[in-house]
Amino acid sequence: MNDVLAAHQFAEAVSGLAPVALRAAATLRLADHIIAGHDRLPALAEQAGADPDLLERLLRFLVCRQVFDEPRPGVYGLTGLSIALLDGHPSRLRSWLDQSGIGSHLDAATTNLLQALRTGRPPYAELHGKPFYEHLASHPAGVTFDGLRGNHAESFATELVKSYPWPADGHVVDLGAGTGVLLDALMSTCPRLRATLLDLPEAVRLATERLTAAGHGDRFTAMAASFFEPLPPGDIYTLVNVLHNWSDDDAVRILRGCARAAAQDTLVLVVERLLDEGDPYAMTAMDLGMFLFVGGRERTLGHYQKLASAAGLAHVETTEVPSGLRILTFTLARGCSSAD
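Residues numbered from 1 in each chain as written. Predicted model: local features only at pLDDT ≥ 70, side-chain atom pairs only at ≥ 80, totals over all residues. Heavy atoms only, no water.

Chemist: Would you take a moment to explain the overall build of the chain for this structure?
Modeler: What the chain contains, in helices and strands, is 17 helices and nine strands. In terms of overall dimensions, the chain is globule-like: its C-alpha atoms have a radius of gyration of 22 Å, near the 20 Å expected for 340 residues. Burial analysis of the chain (340 residues in total) assigns 45% to the buried set. Intrachain contacts of the chain at a sequence separation of at least 6 include 63% that bridge at least 24 residues. In the structure as shown, the chain presents an accessible area of about 16700 Å², 56% of it carried by carbon and sulfur atoms. Of the charged side chains in the chain, 28 are positive and 40 negative, and the gap between their average positions amounts to 2 Å. (Helix = DSSP H or I, 4+ residues; strand = E, 2+ residues; numbered from the N terminus. Rg over C-alpha atoms; globule rule 2.2 N^0.38 Å. Buried < 20%, exposed > 50% of the residue type's maximum accessible area, 1.4 Å probe, protein only. Contact = heavy atoms within 4.5 Å. Areas by Shrake-Rupley, 256 points an atom, 1.4 Å probe, with all protein chains shown as cover. Lys, Arg positive; Asp, Glu negative; His and termini not counted. Charge placed at Lys NZ, Arg CZ, Asp CG, Glu CD.)

Next comes the structure, spelled out in structure tokens:
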């Protein structure tokens, strides 16, 4: 790595200003105001509801870091980086960073990393009075979070459907189904497939709206329930980006619930990124974040195999997905029955 670049990156990490500045720009919707034509400082400050002098200083900070452009003094434009801060960008980055939404709750937990290191406990529940999912269920930001989950799922659902040999018919039970993006893609591709989606009430409401509007109303059942409760019967259980939200003990409980509901030929599909195969910058950040927010973690294939074995499941194969996800296929281990 270039020594100057490395020094700049280290300085940014030490100061801590860059993440705060980006979140301020996202919350003020600066990219959207600029692209709407309010690209001069007075008009931009008025649209953003910001102090002109301090906004100019913030923009100066972000311009020299190539987040925004200043083609002429006091006139601002977007760069390849700030395009991602537009409200309609597919990444929904602006919504994640907006300090009036879920982002502020996540950031508060992130800043308590030292406390987590000393206690070994995820700080989110202590900060907000409830564990992550319970807090979202009782907070308006929960709706935003479900919407962001659905947007994220849209980035890989089609790939999951294309990458795996799904049966033409049968019954898929999607645990932690979110807003139903995967089931929508799956049932659209396999018109005889039936499905059960299971998640918390708000996600189930949004999923029901999506699947009904798509014409799948007679082929799916919606369950507002916990996957720690007894599960409905199915031919395939899917856990897409679910297990990394949970501790090892809870992940085994979830997998054991699948094993107890399964028949001998039932498949359990765990869809996750693997800690030792992905981009180390992204995976190590996600690994720490999952603990800070929900007490979860990223894992290697061997780690997932160990958890599944403890739940009475055996690993059959791993399917690669172009986006970097892996579909881990499990079945009941030999000698195990659904009653074990």
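Okay, back to it.
Chemist: Sorry, what's going on with the sheet that holds strand β7 (residues 267–272) here?
Modeler: In sheet architecture, strand pairing relies on hydrogen bonds along the backbone and comes in two forms, parallel and antiparallel. In spatial order, the strands read β5-β4-β3-β6-β7-β9-β8; together these seven strands make up an open sheet with mixed pairing. One side of each edge strand has no neighbouring strand; the edge strands of this open sheet are β5 (220–224) and β8 (313–320). Taken over all neighbouring pairs, the strand axes of this sheet differ in orientation by 20° on average, direction set aside. Of the strand pairs in this sheet, strand β3 (residues 169–175) and strand β4 (residues 192–199) are connected by seven bridges, and their pairing is parallel. The residue of β4 that forms the bridge with Val172 is Ala195. Against the sheet, helix α13 (residues 181–189) engages β3, β4, β5 and β6 (236–240), with an angle of about 175° to β4. Contacts between helix α15 (residues 248–261) and the sheet are confined to β3, β6, β7, β8 and β9 (326–332), with β6 contributing the most and set at about 170° to the helix. (Pairing = 2+ DSSP bridges. Axes fitted to C-alpha atoms, helices over the stretch in contact; angles between N-to-C directions.)

Chemist: When you look at the pairing of β4 in this model, what are you seeing that I'm missing?
Modeler: Moving residue by residue along a regular strand, the side chains alternate between the two faces of the sheet. Across the eight residues that make up β4, a large majority, six, are buried. For the segment spanning β3, α13 and β4, crossover handedness is right-handed. Inspection of the sheet shows β4 paired to β5 by five bridges, in the parallel sense. By the bridge assignment for β5, Ala195 is matched with Phe220. In this region the chain leaves β4, passes through helix α14 (residues 201–213) and returns to the parallel neighbour β5; the handedness of that crossover is right-handed. (Right-handed = clockwise from strand over helix to strand, strands pointing away.)

Chemist: How should a nonpolar patch on the surface be read in this particular structure?
Modeler: Nonpolar side chains collect at one region of the surface, where Leu113, Leu114, Leu117 and Leu288 lie side by side and expose about 390 Å² of accessible area between them. Take the nonpolar patch: its biggest share by element is three residues, from helix α8 (residues 113–119). By the secondary structure assignment, Leu117 is in helix α8. (Patch = residues over 30% accessible without salt bridge, like charges linked within 9 Å, V, L, I, M, F, W, Y side chains within 5 Å. Salt bridge = Lys/Arg side-chain N within 4 Å of Asp/Glu carboxyl O.)

Chemist: Could you clarify how one ought to interpret the pattern of salt bridges in this entry?
Modeler: Between side chains of opposite charge, pairing is possible as soon as their charged atoms come close. Counted according to the given criterion, the structure contains 13 salt bridges. In this structure, the salt-bridge partner of Arg23 is Asp107, at a minimum N-O distance of 2.7 Å. Here Arg23 is found in helix α2 (residues 17–27), whereas its partner Asp107 is found in helix α7 (residues 102–110), with 84 residues between them in sequence. Residue class for Arg23 comes out partly exposed when judged on its relative accessible area of 22%. Exposure remark for Asp107: the relative accessible area of 18% places this residue in the buried category. Glu202 is the salt-bridge partner of Arg205, the closest N and O atoms lying 2.5 Å from each other.

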